[in-house]
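Fold and contact review
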Amino acid sequence: MQEPLDVPLDVPKPDHETAGDRYAYRASLVGSAHAFELTDDGLSWHIGGRSGIWPMMSIASIRLSYRPISMQSRRFRADIETAGRERIAVLSTTWQTVTLMAPQDHDYRAFITRLHQRLAQAGSQAVLTGGLRPGIYAAAVVLLALLALAMAGLLARAVATGELAGSLFLVGFAALFAWQIGGFIRRNRPRTYRFDDLPKDLLP
């Protein structure tokens, strides 16, 4: 059985490899890269001091989601789980310096697409889902509605009392809030998808 490789971020792929067969990222500035490779034996992974190879038929589910953070608004995540409840996460960004988290849009998209192709070729019955879990999504929508109502009440009061500066501030804040949080909610709506039809809004 082929041993998993700890792939440095800057090592080019050999010419004979299919695009997307390898991917690596740094989850933090300390420690080694999280490295993944699609081999004839399955999904090979190396995370810190742990490593393994999961046969394609052992992969039970994949969940794609959009996970922005303050330092990187274009951040996506794939949670891969086996039938034995083992789980690994693949992120579309990598830490480069203390202040820089860089996107790896093309490499991440190529790897995730290739993984789905390999699963389909193996005849996998893995459950493919996108977005947040339904319960978490419902709670987020309720919280967003409550915040919108509270903000509308503050705006109505500011207009009624003639506080123009306060009204303009609330309008601007509401627009920014709707753009950021609204995009997160829209992308992360719960859904299922097919191996040959990955959700475009959950890939960079």
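By convention here, each chain's residues receive numbers from 1 onward along its written sequence. Under the rules for a predicted model, residues below a pLDDT of 70 receive no local features and side-chain atom pairs below 80 are neither given nor counted, while totals for whole chains, interfaces and linings still include all residues. Neither water nor hydrogens contribute to the side-chain values; these are computed over all heavy atoms in the structure.

Some points on the overall build of the protein
Where we set the bar: Each helix corresponds to a stretch of at least 4 residues labelled H or I by DSSP, and each strand to a stretch of at least 2 residues labelled E; elements are numbered beginning at the N terminus. In this scheme, a residue with accessible area under 20% of its type's maximum is buried, one over 50% is exposed, and one in between is partly exposed, where area comes from a 1.4 Å probe on protein chains only. Throughout, a residue-residue contact means that at least one pair of heavy atoms, one from each residue, lies within 4.5 Å. All accessible areas in this document rest on Shrake-Rupley with a 1.4 Å probe, and a residue is counted as covered only by the protein chains that are shown.
Looking only at helices and strands, the protein has three helices and eleven strands in total. Along the chain direction, N to C, the helices and strands of the protein fall in the order β-β-β-β-β-β-β-β-β-α-β-α-α-β. Buried residues in the protein amount to 41% of all 204 residues. Counting contacts in the protein only where the partners sit at least 6 residues apart, residues at least 24 apart contribute 57% of the total. With an accessible surface of roughly 11500 Å², the protein has 60% of that area assigned to carbon and sulfur atoms.

Remarks on the sheet that holds strand E4 (residues 50-54)
Quick reminder of the rule: Two strands form a pair only when DSSP identifies at least two bridges running between them. Where helices are involved, their axes are fitted lines through C-alpha atoms of the stretch in contact, as for all axes, and angles between N-to-C directions lie from 0 to 180°.
What the four strands build is an open sheet, ordered E1-E2-E3-E4; its pairing is antiparallel. Looking at which strands have only one partner, the edges of the open sheet turn out to be strand E1 (22-25) and E4. Neighbouring strand axes in the sheet, compared pairwise and without regard to direction, differ in orientation by 10° on average. As paired strands, E1 and strand E2 (residues 34-39) are joined by four bridges and run antiparallel to one another. Residue pairing for E2: Tyr25 is matched across the bridge by His34.

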